[in-house]
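Chain by chain, the residues run as shown.
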Amino acid sequence: MPELPEVETIANGLHQRVQGDVIESVWLGEKPEPLQSPAAEIVRVLTGARIAAVHRTGKHIVVELTRAERGAQSMPVKSKAVKSKAVKSNATKRKEAKTAAESNGTAAERAQWIVHLGMTGRMLVVEAAEEVAKHTHLIAKLVSGRELRFVDPRRFGRLAVKPAADFAAPGVEPLTVSAAGFAELFKGRKTPIKSALLNQSLLAGVGNIYADEALSRAGIRPMRRATSLTGVEMCKLHRAVQKVLAEAIKLGGSSINDYVTANGEPGFFQLKHRVYGREGEPCRKCKLPIERIVIAGRSAHYCAKCQK
DNA sequence: ACTATTTCCTGGATGC
DNA sequence: TGCATCCAGGAAATAG
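Residues numbered from 1 in each chain as written. Chains lettered and ligands numbered in written order. Predicted model: local features only at pLDDT ≥ 70, side-chain atom pairs only at ≥ 80, totals over all residues. Heavy atoms only, no water.

A.B. asks: How should I be thinking about the side chain of E6 in this particular structure?
C.D. replies: Looking at where E6 falls in the secondary structure, it is placed in helix 1 (residues 4-18). A polar contact is formed between the side chain of E6 and the backbone nitrogen of E3, at a distance of 2.8 Å. Within polar-contact distance, the side chain of E6 engages the side chain of Y210 at 2.6 Å. (Helix = DSSP H or I, 4+ residues; strand = E, 2+ residues; numbered from the N terminus. Polar contact = N/O pair within 3.5 Å; in protein donor to acceptor, adjacent residues only side chain to side chain.)

Here it is, written out as structure tokens:
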């Protein structure tokens, strides 16, 4: 289930592989993903667009697109991204996209393709000859001869285009929010802290795995009311969220079911999980079995002794 | 303004 | 072996 670290890994992988490529044509399945933009608009915006950058915001993959001004020749270019192995920050990529749009004489139109992977969504970069997997909902044929395919068996994912290139995920970025800003989000909330962490309009990108893992590292029980957390606990939780996300990104995310990076490699953070998916297994610290309860329809894992 | 619950969807696991 | 049932979970919709 892709959460922030997995989406970040996938977006970076896509950036390295398709930046600079141009979408030649688009195929949409008969029963496509629930679309947040009309199918015709998705096809219109993607067709002929150049992929300027791919980055993440919240759990969304944002594909920055540019298009030569109407009438002007849009010039496909070979990807230069391959040269620079270093992972660029999202801010850098956004800037690059803007620069690319503005260079080349007249202003180019900008747009964005927003992809939410839901639970089982995948973005694959494959050779056109590659067999089309079941549950493939969109194929973007690239000038380079490859295809960018969106596959999602459970169809919880979402696709949208923003012709205005103004997409902003609701909620703050967990990796950059200050401790004070973080605490402010949960002020006065009576909902369990676990539920509050999952609320995307508060914090964008934390899902079930990392909510459990952060609470474990902060020593806080998931069912605690958000408003009951002390200032010290809020600080601990803030640190824990940032630490666990950063560590997970370093390891390429958690591969639980069939998640793989854009290059087809699994992530390894699942090996570091302290509570998630470890019901009945010994706590890594006190050896007591990890418990699992259901909070708001979601499983929550914790150690009754180490988390208060 | 919040909070809690239900719904969507399909593959894999489980049970008889 | 085969069939039914349950479960996972993000986020939108609905209800309280």
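A.B. asks: Please clarify how the side chain of T120 should be interpreted in this entry.
C.D. replies: Here T120 shows up in the loop between strand 4 (109-116) and strand 5 (122-127). A residue is classified by how much of its surface remains accessible, and T120, at 10% relative accessible area, is buried. One polar contact links the side chain of T120 to the main-chain amide nitrogen of R154, over a distance of 3.1 Å. Those residues in contact with T120, other than ones at most four positions away along the chain, are V151, D152, P153, R154 and R155. (Buried < 20%, exposed > 50% of the residue type's maximum accessible area, 1.4 Å probe, protein only. Contact = heavy atoms within 4.5 Å.)

A.B. asks: Mind showing me how you'd approach the protein's contact with DNA strand B here?
C.D. replies: The environment of DNA strand B is formed by twelve residues, the closest being H135, P153, R189, K190 and T191. Here the atoms of DNA strand B within 4 Å of the protein split so that 63% fall in sugar or phosphate, with bases taking the remainder. Between H135 and DNA strand B, the recorded distance is 2.7 Å, taken from a side-chain N or O atom to a phosphate oxygen. Here a phosphate oxygen of DNA strand B sits 2.7 Å away from a polar atom, N or O, in the main chain of K190. Here the surface near DNA strand B is composed, by residue class, of three nonpolar, two polar and seven charged. (Near = heavy atom within 4 Å. Nonpolar A, V, L, I, M, F, W, Y, C, P; charged D, E, K, R; others polar.)

A.B. asks: Got a minute to help me understand the layout of surface pockets in this structure?
C.D. replies: Using a probe with the size of a water molecule, rolled over the atoms, empty space left in the structure can be pinpointed. The space that makes up the largest pocket amounts to roughly 580 Å³. Taken together, 22 residues line the largest pocket, and the ones lying closest to its centre are K59, G118, M119, G207 and R298. The class makeup of the residues in the lining of the largest pocket is ten nonpolar, nine polar and three charged. Each of domain 1 (4-162) and domain 2 (179-302) contributes no fewer than three residues to the lining of the largest pocket. (1 Å grid on protein atoms, 1.4 Å probe; cavity = no way out; pocket = protein on both sides within 12 Å on 5 of 7 lines; lining within 4 Å. Points joined across faces, edges and corners; volume = space filled by probe spheres on them. Domains from an automatic or database assignment.)

A.B. asks: Help me understand the protein's contact with DNA strand C in this model?
C.D. replies: Taken together, 13 residues lie near DNA strand C, and H116, R154, Q200, Y276 and R298 sit nearest. Counting only the atoms of DNA strand C that lie within 4 Å of the protein, the sugar and phosphate share comes to 46%. The side chain of Y276 places a nitrogen or oxygen atom 2.3 Å from a phosphate oxygen of DNA strand C. The separation between a phosphate oxygen of DNA strand C and a polar side-chain atom of R292 is 3.0 Å.

A.B. asks: Explanation requested: the environment of G253 in the structure shown.
C.D. replies: Note on placement: G253 falls in the loop between helix 7 (231-250) and strand 9 (291-295). With 250 residues separating them along the chain, G253 and E3 place their C-alpha atoms 8.4 Å apart.

A.B. asks: Would you explain the sheet that holds strand 2 (residues 50-57) in this entry?
C.D. replies: Ordered in space as 2-3-4-8, the four strands form an open sheet in which the pairing is antiparallel. With one partner strand each, in any of the chains shown, strand 2 and strand 8 (158-162) form the two edges of the open sheet. Here the strands of the sheet are splayed against their neighbours by 20° on average, with no regard to which way each runs. Taken together, the five bridges between strand 4 and strand 8 define a ladder with antiparallel strand orientation. Residue pairing in the sheet places W113 in a bridge with V161 of strand 8. (Pairing = 2+ DSSP bridges. Axes fitted to C-alpha atoms, helices over the stretch in contact; angles between N-to-C directions.)

A.B. asks: How should unusual backbone geometry be read in this particular structure?
C.D. replies: The bulk of non-glycine residues show a negative phi, and the bulk of peptide bonds are trans. The phi angle at H135 is positive, at roughly 70°, despite the residue not being glycine. The residue H135 is located in the loop between strand 5 and strand 6 (136-142) in this model. Residue H135 is classed as partly exposed on the basis of its relative accessible area, which comes to 32%. Although it is not a glycine, R155 adopts a positive phi angle of roughly 55°. Inspection of the secondary structure puts R155 in the loop between strand 7 (146-151) and strand 8.

Geometry only, nothing functional implied.
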